[in-house]
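For reference, the chains in residue letters:
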Amino acid sequence: MTAFTVWKFDDPEGAEAAAVNLKQAASEGLITVVDHAVVSWPAGQATPTTKQAHDSEWRGTGLGAFWGLLLGTLFFVPIIGAAAGAAIGALARHTEAVGIDRKQLETIREQVTVGTSALFAVTQEGDLDRVGERFHGFRGTLIATNLTEAERSTLLESFGS
């Protein structure tokens, strides 16, 4: 099963530290990271910085376009009011096929703000118990996923959230 998850951290460095930890877990065979991106929004910056990893070379181009569309629409298109709703709606039409709905997109946009960071990850085939052990103490909050409620509960239990 391929999972899309977005983890929010209450500081600008948390997501990068979590990404390093996730990549280490992948190098030990605990999880397969298809790709990931990090959004960091330090205080004093008008917009966040983004870093797309392209973990999987053969999928890099397609996921690069996905990350560009997703992160660009959520954080870099200057939209307000009704225009924000229209932009999120248009993005949702493109992301619903992979299980990311409008409500999740709105949640991401609302919660990833100045002073925070987020790890966007596409993973599969993981030992969630062992990976979860590695993330204790990271204080991340799962804010979006394409997992079912049962899968989401298992994930949160494994990660101690």
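Residues numbered from 1 in each chain as written. Predicted model: local features only at pLDDT ≥ 70, side-chain atom pairs only at ≥ 80, totals over all residues. Heavy atoms only, no water.

A look at helix α1 (residues 14-27)
Item 1. The terminal C-alpha atoms of α1, which comprises 14 residues, lie 20 Å apart, in line with the 20 Å expected from a rise of 1.5 Å per residue.
Item 2. Those residues of α1 that sit buried are Gly14, Ala15, Ala18, Ala19, Asn21, Leu22 and Ala25. Seen end-on, α1 carries its buried residues on one side only, within an arc spanning 165°. Of the exposed residues in α1, those oriented more than 90 degrees away from the buried face are Val20 and Ser27.
Item 3. On the buried face of α1, the contacting elements are β1 (2-9), β2 (32-41), β4 (116-124) and α5 (128-134).
Item 4. Taken from the residues just after α1, Gly29 is the one with a positive phi, measuring 80°. (Helix = DSSP H or I, 4+ residues; strand = E, 2+ residues; numbered from the N terminus. Expected span 1.5 Å × (residues − 1). Buried < 20%, exposed > 50% of the residue type's maximum accessible area, 1.4 Å probe, protein only. Arc of directions from axis to C-beta. Contact = heavy atoms within 4.5 Å.)

Focus on the side chain of Thr116
Item 1. Locating Thr116 in the fold gives a position in strand β4.
Item 2. A residue is classified by how much of its surface remains accessible, and Thr116, at 6% relative accessible area, is buried.
Item 3. For Thr116, the side chain forms a polar contact with the main-chain oxygen of Thr113, separated by 2.6 Å.
Item 4. Residue contacts for Thr116: discarding those within four places in its chain leaves Lys8, Phe9, Asp10, Asp11, Pro12, Ser40, Trp41 and Gln111. (Polar contact = N/O pair within 3.5 Å; in protein donor to acceptor, adjacent residues only side chain to side chain.)

Let's talk about the environment of Phe138
Item 1. By the secondary structure assignment, Phe138 is in the loop between α5 and β5 (141-145).
Item 2. Classification of Phe138 by relative accessible area gives partly exposed; the value is 25%.
Item 3. Along the sequence, Phe138 and Ala17 sit 121 residues apart, while their C-alpha atoms lie 8.4 Å from each other.
Item 4. When residues no more than four places from it in sequence are discounted, the contact partners of Phe138 are Phe9, Ala17, Ala18 and Asn21.

Quick word on the environment of Thr5
Item 1. Within the secondary structure, Thr5 sits in strand β1.
Item 2. The class for Thr5 is buried, based on a relative accessible area of 6%.
Item 3. Considering only alpha carbons, one finds Thr5 and Ile143, 138 residues apart in sequence, at a separation of 7.7 Å.
Item 4. At 3.3 Å, the side chain of Thr5 forms a polar contact with the side chain of Trp7.

Examining the packing of aromatic side chains
Item 1. Scanning the entire structure with this criterion turns up one aromatic pair.
Item 2. Ring centres 5.2 Å apart and planes at 45° place the aromatic pair Phe135 and Phe138 in the tilted group.
Item 3. Taking relative accessible area as the criterion, Phe135 reaches 10% and is therefore assigned buried. (Phe/Tyr/Trp six-rings, centres within 6.5 Å; stacked < 30°, edge-to-face > 60°.)

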